[in-house]
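As a plain string of letters, each chain reads:
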Protein chains: 2
Amino acid sequence: MTEPGASPPFTLSREAHSIRRSMMRDLIAITARPGIISFAGGLPAPELFPVDAWQAATDRVLTREGRAAMQYGPPYLPLQESIAALMAQRGASVEADQVFIVTGAQQGLHVAARLLMDPDSPVVLDRFVFTGVRQAFGGESRLVREVDNGPTGTLDGDGLGAAFDARPSPRVIVVVPDFHNPVGTSLSQNDRRLVLQVAGQHDAAVVEDDPYSWISFDGRLSRALVADAPERVLYIGSFSKIVAPALRLGWMIAPRPVIAKLRVIKESVDLETSGLTQRVAGEFLASGALEPHLGKLRRAYAERCAAMCAALERWMPAGTRWSRPDGGMFIWVELPDGHDTLAALEPAVEAGVAYVPGQAFASRPAARTMRLNFSNATVDQIGVGVALLGEVLTHHTRLAA
Amino acid sequence: MTEPGASPPFTLSREAHSIRRSMMRDLIAITARPGIISFAGGLPAPELFPVDAWQAATDRVLTREGRAAMQYGPPYLPLQESIAALMAQRGASVEADQVFIVTGAQQGLHVAARLLMDPDSPVVLDRFVFTGVRQAFGGESRLVREVDNGPTGTLDGDGLGAAFDARPSPRVIVVVPDFHNPVGTSLSQNDRRLVLQVAGQHDAAVVEDDPYSWISFDGRLSRALVADAPERVLYIGSFSKIVAPALRLGWMIAPRPVIAKLRVIKESVDLETSGLTQRVAGEFLASGALEPHLGKLRRAYAERCAAMCAALERWMPAGTRWSRPDGGMFIWVELPDGHDTLAALEPAVEAGVAYVPGQAFASRPAARTMRLNFSNATVDQIGVGVALLGEVLTHHTRLAA
């Protein structure tokens, strides 16, 4: 019999030995107490999920072509075509066969990392970056060069240059140009050009991770990096935030010569993405359900973001800075010197409000930072939660001082 | 602009350079001509998919708990409980928290390989093995030790001993005890005990890959290896063959100490498996829809298998041997000396019938072997297709001689 916690009677891989559960998962578990106002997770608003439209699309697909939908099969061309049309909204001219369907954006990150990186390859990441990016690109022996990012959203051009000038030369840079997780900001046109230019000078690939750009509050969509450098950019899109996470459906846009390789890598991970989900998503998009749904999302998230910014203005300790996103789901907060968001988390949770300490997204100490999610709380909850947070932070710092 | 086939302006990983599209995928593409009778793919019978029951279960889930079903979330406990009950049918006493949900069995193979194998680890595989197993466990620098398998289904005990006696010592053996793909046979009770005994003597992990055992023609279910050695076996089950491939839903049973590590590895690959699919599968199982569906599958596949065996008896060249499966989806054919199933494929496809040459499942020449799938053709098609195949093989060998 195996006792819980006992070592198995066989050898694990070096990777398995080195594995640690990500700090963010632990923190989110802590914050999942009933009754708490949570700004911690990265959850879309469930009350806005297009449940009825998804159900209707599922019914139509299963009634019309249930047998084909439940079988193994190639990527579903009508979905690829609809995604190509979405990419045209972002300035990218893409053929359906350049749309590579993946089982969620995390799978896109995984296959991109395996396509581009050897175990010891150098990669350029943001200093504060979504943990899934770090898991995919920043394994144990990887050389991770970091470029500072923070609440202003301005690219650290010197840091970028230094990251690329170091030897061995980085092969890959991962960027989130729009409504960055965790910092909430977007790159300016100039900064976008700079990323492409520096990567081009160093023959590096650019991974454009884009879960959020369609959640632009005013509905204006940025031009995707892949539109300007299709030969160099591997673009990763996702339906998790703009439709629903449980679809586990995303896509990549990549140069044709690498798509054949991505296909073999993906095969080894999960054979193929559900043809049923692909067909239902195709039906959902073809029915025109996405655009009105995005309209609702944009209005609701804009309102929640504005409420959070107003509450931060009112309740945060003097000297606190935060990003002012034009879209997405997150605000990044940088407190004055002396604050410790990791230490303040427990009293905050006791008081009834949760967030993610910035440390969870960083490879080195970042005591003054935190990520706040505004998509998964009502305007009222945001008002109350930020007030509680302000009180805890002010009090906690006074105690610590 | 990127020209098709041009090299991208960035460096690919060593893995990406070494990637070749699997021979089987190419072959299956060749054989996908309209009008052909195909024994090539590994497709379940689409006319037997439980489309109505799946649609009804989806409707109930989305109506009852659409918001929760479309959100991110932990593994769905009622599904884990239903799977634990399924495992009890196989003699395994399993708690729900030992059921690790994966996005199809291929993902199970991938995460198991990452849990157990370093890039240069030795592994014991069957000589003829499903390509997905080889992709997951047999990377470029892996030391693959092979144990012969073939139409009789008897384990090559000497080969097994030799594979484990070689140095460095293998860490892992992958076995498909029931209705093996491609060879169609099952291990005897003695052979099962021998595998566990030899693996135990060498502190090796046993990966039990089990997509087919519930498709036992007479409905009698074998005892799973994991029932007898829960501390040593990582079991991988799948709904692809017993419900439908497009669910992309499978499960693992593993010792508790390794499940925490599997969870982190899985997170890096696709975050989590669709909560919507998990809930619909849970609903489908709870409604009792699986057992009558399995009854239909067993009757239909038994009939098709019997038809194929009878046709092989009538039409194959003298001296041909084949496996006589008691379940699953495949028959393995070993032709007499002088046959070349790779060379005969094109004339066979011309004549209107397709199969997979055994070579596709092997690391070294296997000219006399082929895999025939019987689940995706009617009894009539099987009669006609095997007759055509017999004619081509007889004629082709005469020409070559």
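In this text the structure is predicted, and so the values were computed from the model without any measurement. Residue positions are counted from 1 within each chain, in the order its sequence is given. Think of it this way: whatever chain is written first is A, whatever ligand is written first is 1, and the rest follow in order. Two thresholds apply to this predicted model, a pLDDT of at least 70 for residue-level local features and 80 or more for giving and counting side-chain atom pairs, whereas whole-chain, interface and lining totals are computed over all residues. Think of the side-chain values as coming from all heavy atoms in the structure, minus any hydrogens and water.

**Structural notes on the relation of the copies chain B and chain A**
When chain B is fitted to chain A, the best match, at an RMSD of 0.0 Å, comes from turning it 180 degrees and sliding it 0.0 Å along the axis. The transformation relating the two chain copies, once decomposed into turn and shift, fits a two-fold axis. In this comparison the copies share one frame, found by least squares on the C-alpha atoms of residues holding pLDDT of at least 70 in both.

**Focus: the sheet that holds strand S9 (residues 321–322) of chain A**
Residue and element names in this part refer to chain A. The strand order S9-S10-S13-S12 describes an open sheet built from four strands, whose pairing is antiparallel. Every other strand in the sheet has two partners, leaving S9 and strand S12 (356–357) as the edge strands with one partner each. Paired strands, in this sense, are two strands between which DSSP finds at least two bridges. Elements are defined by DSSP. Helices are runs of H or I of four residues or more, strands are runs of E of two residues or more, and each kind is numbered from the N terminus. One ladder, built from two bridges, connects S9 with strand S10 (residues 330–334); its direction is antiparallel. Note that in S10 the partner of Arg321 across the bridge is Glu334.

**Things to note about the pairing of strand S3 (residues 122–126) of chain A**
Regular strands show a simple pattern: their side chains alternate between the two faces of the sheet. Residue and element names in this part refer to chain A. Exposure is judged per residue with a 1.4 Å probe applied to protein chains only, and the accessible area is read against the type maximum: over 50% gives exposed, under 20% gives buried, and values in between give partly exposed. Of all the five residues making up S3, five are buried; the element is thus mostly covered by neighbouring parts of the structure. What you see with S3 is no split at all: Pro122, Val124 and Asp126 on one side and Val123 and Leu125 on the other are buried throughout. Pairing geometry for S3 and strand S5 (residues 172–175), over two bridges, is parallel. Among the inter-strand pairings, Val124 is bridged to a residue of S5, identified as Ile173.

**Section: the packing of helix H7 (residues 157–165) of chain B against helix H8 (residues 189–201) of chain B**
Residues and elements named next belong to chain B. For the pair H7 and H8, the least separation of the axes is 11 Å and the interaxial angle reads 15 degrees. The angle between H7 and H8 falls in the class roughly parallel. Every pair of crossing elements has a handedness; the one defined by H7 and H8 is right-handed. Facing Gly157, Leu160 and Phe164 of H7, the residues of H8 in contact are Leu194, Val195, Val198 and Ala199. In terms of residue class, the contact of H7 with H8 is made up of six nonpolar, one polar and no charged. Angles run from 0 to 180 degrees between N-to-C directions of axes, and those axes are lines fitted to C-alpha atoms, restricted for helices to the stretch in contact. For classification purposes, angles smaller than 35 degrees are called roughly parallel, those larger than 145 roughly antiparallel, those between 65 and 115 roughly perpendicular, and all remaining angles oblique. Each crossing gets its handedness from the near helix: less than a right angle anticlockwise from the far helix is left-handed, clockwise is right-handed. Note on contacts: a residue pair is in contact if any heavy atoms of the two residues lie within 4.5 Å. Three categories are distinguished: nonpolar for Ala, Val, Leu, Ile, Met, Phe, Trp, Tyr, Cys and Pro, charged for Asp, Glu, Lys and Arg, and polar for the others, with Gly belonging to the last.

**Some points on the interface of chain B and chain A**
Between chain B and chain A, the residue contacts involve 82 residues of the former and 82 residues of the latter. Put simply, buried area is the surface a 1.4 Å probe can reach on two separate parts but cannot reach once they are joined, added for both. Buried surface at the junction of chain B and chain A, summed over both partners, amounts to about 7,500 Å²; 59% is from carbon and sulfur atoms. Salt bridge, as used here: a side-chain nitrogen of Lys or Arg that lies within 4 Å of a carboxyl oxygen of Asp or Glu. Counting every contact that joins chain B to chain A gives four salt bridges. The residue Asp118 of chain A makes a salt bridge to Arg14 of chain B at a minimum N-O spacing of 3.5 Å.

**Observations concerning the pattern of salt bridges**
If you walk through the whole model with that rule in mind, you get 44 salt bridges over all chains. Note that Arg304 of chain A is salt-bridged to Glu47 of chain A, the shortest N-O span being 2.7 Å. Of this pair, Arg304 of chain A sits in helix H12 (residues 290–315) while Glu47 of chain A sits in the loop between strand S1 (37–38) and helix H3 (51–70), and the two are 257 residues apart along the sequence. Glu15 of chain B is the partner of Arg114 of chain A in a salt bridge, and the nearest nitrogen-oxygen pair spans 2.6 Å. Highlighted residues: Arg114 of chain A in helix H5 (residues 105–116) and Glu15 of chain B in helix H1 (residues 14–18), drawn from two different chains. Under the relative-accessibility criterion, Arg114 of chain A is labelled buried at 18%.

**Let's talk about helix H5 (residues 105–116) of chain B**
Residues and elements named next belong to chain B. Here, expected helix span is obtained from the residue count minus one, scaled by 1.5 Å. Given a rise of 1.5 Å per residue, twelve residues ought to cover 16 Å, and the 16 Å separating the end C-alpha atoms of H5 matches this to within 8%. With twelve of twelve residues buried, H5 lies mostly within the body of the structure. Residues of H5 that are buried include every one of Ala105, Gln106, Gln107, Gly108, Leu109, His110, Val111, Ala112, Ala113, Arg114, Leu115 and Leu116, and no others.

**Quick notes on the nonpolar core**
Within the largest apolar cluster, 220 residues are counted, with the highest numbers of intra-cluster contacts made by Met87 and Phe239 of chain A together with Met87 and Phe239 of chain B. Among residues more than four places away in sequence, those in contact with Met87 of chain A are Ala92, Val94, Trp214, Ala224, Val226, Tyr235, Trp251 and Ile253 of chain A. The definition of a nonpolar core used throughout is a set of buried Ala, Val, Leu, Ile, Met, Phe, Trp, Tyr and Cys residues joined through side-chain atoms within 4.5 Å.

**Re the packing of helix H10 (residues 256–270) of chain A against H5 of chain B**
Put simply, H10 of chain A and H5 of chain B touch, their axes get as near as 5 Å, and they point 90 degrees apart. With respect to H5 of chain B, the element H10 of chain A is oriented roughly perpendicular. Residues Glu267, Ser268, Val269 and Asp270 of chain A of H10 of chain A form the contact with H5 of chain B, whose own contacting residues are Gln106, Gln107 and His110 of chain B.

**Observations regarding the packing of aromatic side chains**
All names here are of chain A. Only Phe, Tyr and Trp rings are paired, with Trp represented by its six-membered ring, and only when their centres lie within 6.5 Å; those with planes under 30 degrees apart are stacked, over 60 edge-to-face, the remainder tilted. Tallied over the full model, the rule gives 16 aromatic pairs over all chains. Measuring from ring centre to ring centre gives 5.9 Å for Trp54 and Phe284, while their planes differ by 55 degrees; the resulting arrangement is tilted. Residue Trp54 is found in helix H3, and its partner Phe284 is found in helix H11 (residues 275–286); the two are separated by 230 residues along the sequence. Of the two residues, Trp54 and Phe284, neither departs from the other in class, the shared state being buried. Each member of the aromatic cluster is reached from another via a ring pair, and the members are Trp214, Tyr235, Phe239 and Trp251. Above the face of the Trp214 ring, Arg90 is positioned so that its terminal group lies 5.0 Å from the ring centre. Remark: a charge is flagged as sitting over a ring if the NZ atom of Lys or the CZ atom of Arg is within 6 Å of the ring centre and within 35 degrees of the ring normal.

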